[in-house]
Amino acid sequence: MRTGLYPGTFDPVTLGHIDIIRRACALVDKLVIGVAINRDKGPLFSLEERVAMIEAICSDLSQQTGTEIVVHPFENLLIDCARDVGAQIIVRGLRAVADFEYEYQMVGMNRVLDDSIETVFLMAEAQHQAIASKLVKEIARLGGDVSHFITPEVNTALKERLG
């Protein structure tokens, strides 16, 4: 069984994330969505809320793709999380060249830590490539319409959170 790990903070989960999850399902038998506990980023949604949003979205995706999808919170090194869940592949989404430069450095460091775990880069569909959770939150805070970037359920949760 080929297991992949798709890590992120998912604060909130966007249509870009969902597109990467769907694409990753074509590559693995089991996909673990690693929800990072990153206190430095000061997430808008709690860990429990982010996990619940992803689980709700992924239940349909799992049925559609036939891939087992598991949501797994983590706070340790990414490579250690990959080992913990038995992942042979780390899936990373790329939006732009700036993403690639950072991800390239991460791959190099991870390969030194464990060269048996491969990293695969996936790009979301063109209409989702510019979506960033940080920008979604900023637009929503300023009263803008973010419905083109997130699911209706996440949009409702975002509106409730921001009042």
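Scroll up to find the structure.
The sections below set out a description of the structure shown in this document. Think of each chain on its own: its residues are numbered from 1, step by step along the sequence as written. It should be noted that, the model being predicted, local features are given only for residues of pLDDT at least 70 and side-chain atom pairs only at 80 or more, the latter also being counted only at that level, while totals for whole chains, interfaces and linings use all residues. Calculation of side-chain values draws on the structure's entire complement of heavy atoms; hydrogens and water are dropped beforehand.

Looking now at the nonpolar core. Counting residues in hydrophobic clusters, the biggest one holds 35 residues, and the most contacted among them are Y6, V13, I21, L31, I33, I54 and L158. Under the scheme used here, helices are H or I runs from DSSP no shorter than 4 residues and strands are E runs no shorter than 2 residues, and both carry numbers assigned from the N terminus. Listed by contribution, the elements that provide at least two residues to this core are α1 (15-25), β2 (30-36), α2 (47-65), β3 (68-74), β4 (89-94), α5 (133-141) and α6 (152-162). Sort the elements by how many residues they give to this core and α2 lands first, with 7 residues. If sequence neighbours within four positions are ignored, I21 has contacts with Y6, L31, I33, C58, L61 and I69. In this text, buried Ala, Val, Leu, Ile, Met, Phe, Trp, Tyr and Cys residues form a nonpolar core when linked through side-chain atoms within 4.5 Å. Remark: exposure states derive from per-residue accessible area (1.4 Å probe, protein chains only) relative to the maximum for the residue type, with buried under 20%, exposed over 50%, and partly exposed in between. When checking whether two residues touch, look at their non-hydrogen atoms; a contact exists if any pair is within 4.5 Å.

Here the focus is the sheet that holds β2. Strand order in this open sheet of 5 strands is β3-β2-β1-β4-β5, and the pairing throughout is parallel. The open sheet terminates on both sides in strands that have one partner only, identified here as β3 and β5 (118-123). On average, adjacent strands in this sheet sit at an angle of 30° to one another, irrespective of strand direction. In the sheet, strand β1 (residues 3-8) pairs with β2 via 6 bridges, with the strands oriented parallel. Across the sheet, the residue bridging to L5 is V32, located in β2. Packing of α2 onto the sheet brings it into contact with β2 and β3, and relative to β3 it is tilted by some 170°. Seen against the sheet, helix α3 (residues 78-85) touches β1, β2, β3 and β4 and runs at an angle of roughly 145° to β1. Between any two strands, at least two bridges found by DSSP are needed for them to pair. To obtain an axis, a line is fitted to C-alpha atoms, over the contacting stretch when the element is a helix, and the angle between two such axes runs from 0 to 180 degrees between their N-to-C directions.

The subject of this paragraph is helix α4 (residues 97-113). By this rule the span expected of a helix is its residue count minus one, scaled by 1.5 Å. Spanning 17 residues, α4 covers 25 Å between terminal C-alpha atoms, matching the ideal 24 Å at 1.5 Å per step. Buried residues along α4 sit in contact with α3, β4 and β5.

Below, the discussion takes up the pattern of salt bridges. Take a side-chain nitrogen of Lys or Arg and a carboxyl oxygen of Asp or Glu: if they are within 4 Å of each other, that pair is a salt bridge. Applying the stated criterion to the full structure yields 8 salt bridges. Note that D80 and R83 form a salt bridge whose closest N and O atoms lie 2.6 Å from each other. You can see D80 and its partner R83 sitting in helix α3, 3 residues apart, about one turn around the helix. Residue R83 is classed as partly exposed on the basis of its relative accessible area of 39%. With its nearest N and O atoms 2.7 Å apart, the salt bridge here joins E103 to R92. Here the residue E103 occupies a position in helix α4, and R92 occupies one in strand β4, the gap between them amounting to 11 residues. Comparing E103 with R92, the two get one shared label, buried.

In this structure, P12 follows D11 across a cis peptide bond, with omega equal to 0°. Looking at the element boundaries, P12 is found in the loop between β1 and α1.

With respect to the secondary-structure elements, H128 resides in the loop between β5 and α5. The class for H128 is buried, based on a relative accessible area of 14%. The contacts of H128, once residues within four sequence positions are left out, are L15, G16 and D19.

Running from N to C, α1 and α2 point in directions that differ by 30°, and their axes come no closer than 10 Å. When the interaxial angle is binned, α1 and α2 end up roughly parallel. As α1 packs across α2, the resulting crossing turns out to be right-handed. Contacts between α1 and α2 pair I18, I21, R22 and C25 from the former with I57, C58, L61, Q64 and T65 from the latter. Across the contact of α1 with α2, the residue classes break down as 6 nonpolar, 2 polar and 1 charged. By definition in this entry, angles of less than 35 degrees are roughly parallel, angles greater than 145 are roughly antiparallel, angles of 65 to 115 are roughly perpendicular, and the rest are oblique. Helix crossings are classified by the rotation of the near helix relative to the far one: an anticlockwise turn of less than a right angle makes the crossing left-handed, while a clockwise turn makes it right-handed. The nonpolar class holds Ala, Val, Leu, Ile, Met, Phe, Trp, Tyr, Cys and Pro. Asp, Glu, Lys and Arg form the charged class, and all remaining residues, Gly among them, are polar.

Note that all results are geometric; they support no functional claim without further evidence.
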